[in-house]
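Remarks on the overall topology
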Amino acid sequence: MRILSGIQPSGRLHLGNYLGMMQPAIQLQDEGEAYYFIADYHSLTTTTDPEALRSYSKDLALDFLACGLDPGKAVFFRQSDVPEVTELAWMLSCVTPMGLLERCHSFKDKTSRGIAASHGLFAYPVLMAADILIYDSDLVPVGQDQKQHLEVTRDIAQKFNDRYGDGLLKLPTPRIRSETAAVPGLDGQKMSKSYGNTIDLFEPEKALRKKIMRIVTDSTPVEAPKDPDGSYIVQLYQLFATAEETAALKDQFRAGGRGYGDFKQILFEKIRDHFAGIRESRLELENQPWKAEEVLHHGAHKARSVARMTMERIRAAVGF
Ligand code: ADP
Ligand code: TRP
């Protein structure tokens, strides 16, 4: 089974990215042949500063490795090291109806937030389909917001197969973990860097605590019982805690006598401790930058050889 996923280097990694995509992807590396990449071609749709893009890509590589991507198990590479994918994207474009892309939420969301409506942004899902299809991927771990892109990928693959031959491209299946499909941010909306409501993974401890103290709560007084079920504090806590720990926190909410500040402190400690080892690995990797480069170099070689093989088959099928 081949597992594939990518993430754009377009800012700092947050808990939504980690729980929605990175952690599930890393857990899956034991279950098949994993291909994970830094989607830097995709980032050109939003990141316009070359120095920023370089630095985000470098950071993302360190983040992924620190979080547990094992280069002995997974092929890890930069999307732009496999330019064949843009050739496939063009071929897929030629079977993709405009209407299919016009229905995509992500284009509408991004342009409504002021991102320039370039052709690249519009065609984003076609390049994503090429990413997935060029490696004959079976399984694609992502967060809920990528579900529509997976449906588009399957549609495009089916159209391509209808035109050029059954079974030419493999239809992938998304893997969306329900508990972390949409991790809430500080304000309870989906955590996203575009909403400014994120908790970043490698935030310094002081800043992390400050952020957590900003989580929106109601104005129930300290003494009064509190409803755990609507609380974003509990929603975040349960993503890191055991079922027993979560039940105990909920009991404390209901009992009254403790303020939200106390509960935020408990959440802060939980998150800080969860990432302690990961932070340490991140620091080590930062001090040996050639290590990540070596992994990416090796990954690019492997990924490119697979992509080239696929393209031989596809080029012949379309009549080149
Ligand atoms: P952002 O919304 O911050 O721009 P991206 O769109 O770059 O994040 O998402 C990268 C990956 O992280 C995708 O697989 C996406 O589904 C996942 N992801 C992002 N935010 C969340 C969230 N709040 N909950 C779950 N998964 C998320
Ligand atoms: N669109 C994804 C995101 O915004 C990133 C991505 C690009 C991707 N190509 C992919 C994810 C292929 C999975 C498979 O997060």
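The paragraphs below set out a description of the structure included in this document. All values reported here derive from a predicted model rather than from experimental measurement. Position numbers for residues count from 1 along each chain, tracking the sequence in the order it is written. Labels are handed out in written order, letters beginning with A for the chains and numbers beginning with 1 for the ligands. Restriction of local features to residues with pLDDT of at least 70 applies here, the model being predicted, together with a cutoff of 80 or more for giving and counting side-chain atom pairs; totals for whole chains, interfaces and linings are based on all residues. Calculation of side-chain values draws on the structure's entire complement of heavy atoms; hydrogens and water are dropped beforehand.

1. What to know about the overall build of the protein chain
We count it as follows: In this text, helices come from DSSP runs of H or I with a minimum length of four residues, and strands from runs of E with a minimum of two, each type numbered from the N-terminal end. For the radius of gyration, the atom set is restricted to C-alpha positions; the globular benchmark scales as 2.2 Å times the number of residues to the power 0.38. Burial status follows relative accessibility: with a 1.4 Å probe on protein chains alone, a residue under 20% of its type maximum counts as buried, one over 50% as exposed, and anything between as partly exposed. Contact definition: two residues touch when any of their heavy atoms are within 4.5 Å.
Scanning the protein chain from terminus to terminus reveals 14 helices and 5 strands. Over its C-alpha atoms the protein chain spans a radius of gyration of 21 Å, differing by no more than 12% from the 20 Å that the globule rule assigns to 320 residues. In terms of overall dimensions, the protein chain has a C-alpha envelope of 75 × 45 × 35 Å along the principal axes. Burial analysis of the protein chain (320 residues in total) assigns 49% to the buried set. When contacts within the protein chain are restricted to residue pairs at least 6 apart in sequence, long-range pairs at least 24 apart make up 78% of them.

2. Description of the site of ligand 1
Where we set the bar: For each residue, the test is whether any non-hydrogen atom lies within 4 Å of the molecule or strand; if one does, the residue is near. Residue burial considers only the protein chains on display, and all accessible areas are found by Shrake-Rupley using a 1.4 Å probe.
Around ligand 1 lies a shell of 18 residues, among which His-14, Asp-145, Val-183, Ser-192 and Lys-193 are the nearest. For ligand 1, whose accessible area on its own is 540 Å², the fraction buried by protein is 91%. Top contributing element to the shell around ligand 1 by residue count: helix 1 (residues 15–28), with 4 residues.

3. Brief notes about the side chain of Thr-45
Selection criterion: Under this definition, polar contacts are N or O atom pairs within 3.5 Å; protein pairs additionally need one hydrogen-donor-capable and one acceptor-capable atom, and for neighbouring residues in sequence, both atoms have to be side-chain atoms.
Along the chain, the position of Thr-45 falls in the loop between helix 2 (40–43) and helix 3 (50–66). At a separation of 2.6 Å, a polar atom in the side chain of Thr-45 contacts the main-chain carbonyl oxygen of His-42. If we ignore the near neighbours within four places in the chain, the residues touching Thr-45 are Gln-8, Ile-115, Gly-120, Leu-121 and Tyr-124.

4. Section: the site of ligand 2
Here is the rule we go by: We call Asp, Glu, Lys and Arg charged. Ala, Val, Leu, Ile, Met, Phe, Trp, Tyr, Cys and Pro are nonpolar, and the rest, Gly among them, are polar.
Around ligand 2 sit 14 residues, and of these Gln-8, Tyr-124, Met-128, Asp-131 and Gln-146 come closest. Residue Tyr-124 places a side-chain N or O atom 2.7 Å away from a nitrogen atom belonging to ligand 2. Side-chain polar atom of Asp-131 to a nitrogen atom of ligand 2: 2.7 Å apart, as the coordinates give it. Protein chains bury 90% of the 370 Å² of accessible surface belonging to ligand 2 in isolation. Mapped by element, the contributors of at least two residues to the shell around ligand 2 are strand 1 (2–7) and helix 7 (119–134). For the shell around ligand 2, the leading source of residues is helix 7, giving 4 residues. For the shell around ligand 2, the per-class residue count stands at 8 nonpolar, 5 polar and 1 charged.

5. Details of the pattern of salt bridges
Put simply, the rule reads: Any carboxyl oxygen of Asp or Glu within 4 Å of a side-chain nitrogen of Lys or Arg constitutes a salt bridge here.
Applying the stated criterion across every chain yields a total of 24 salt bridges. For Glu-293, the salt bridge is made with Arg-78, and the minimal N-O distance between the two is 3.3 Å. Taken as a pair, Glu-293 in helix 14 (residues 289–318) and Arg-78 in strand 3 (residues 74–78) lie far apart in primary sequence, 215 residues in all. The residue Arg-304 makes a salt bridge to Glu-84 at a minimum N-O spacing of 3.1 Å. Taken together, the residues span a long stretch of sequence, with Arg-304 in helix 14 and Glu-84 in helix 4 (residues 84–93) at a distance of 220 residues. When salt bridges with common partners are traced through the structure, they connect Asp-59, Asp-63, Arg-282 and Glu-286 into a single cluster.

6. Observations regarding the pairing of strand 3
Note the following rule: Note: two strands are recorded as paired if DSSP finds a minimum of 2 bridges between them.
The buried fraction of strand 3 amounts to 5 of the 5 residues, a majority that puts the element mostly inside the structure. Burial along strand 3 is two-sided: Ala-74, Phe-76 and Arg-78 facing one way and Val-75 and Phe-77 facing the other are all buried. The sheet contact formed by strand 2 (residues 33–38) and strand 3 spans 5 bridges and is parallel. If you follow Ala-34 over to strand 3, its bridge partner there is Ala-74.

7. Re the nonpolar core
How we decide: Only buried residues count toward a nonpolar core, which is a set of Ala, Val, Leu, Ile, Met, Phe, Trp, Tyr and Cys residues joined through side-chain atoms within 4.5 Å. An automatic or database domain assignment supplies the residue ranges for each domain.
Judged by nonpolar contacts, the single largest core of 54 residues is most densely connected at Leu-15, Met-22, Tyr-36, Phe-64 and Phe-76. A total of 8 residues in this core trace back to one element, the largest contributor, which is helix 1. Formed jointly, this core draws a minimum of three residues from each of two domains, domain 1 (2–183 + 289–318) and domain 2 (203–274). Of all hydrophobic cores here, the second largest spans 43 residues; its members include Val-126, Leu-127, Ala-130 and Ile-156.

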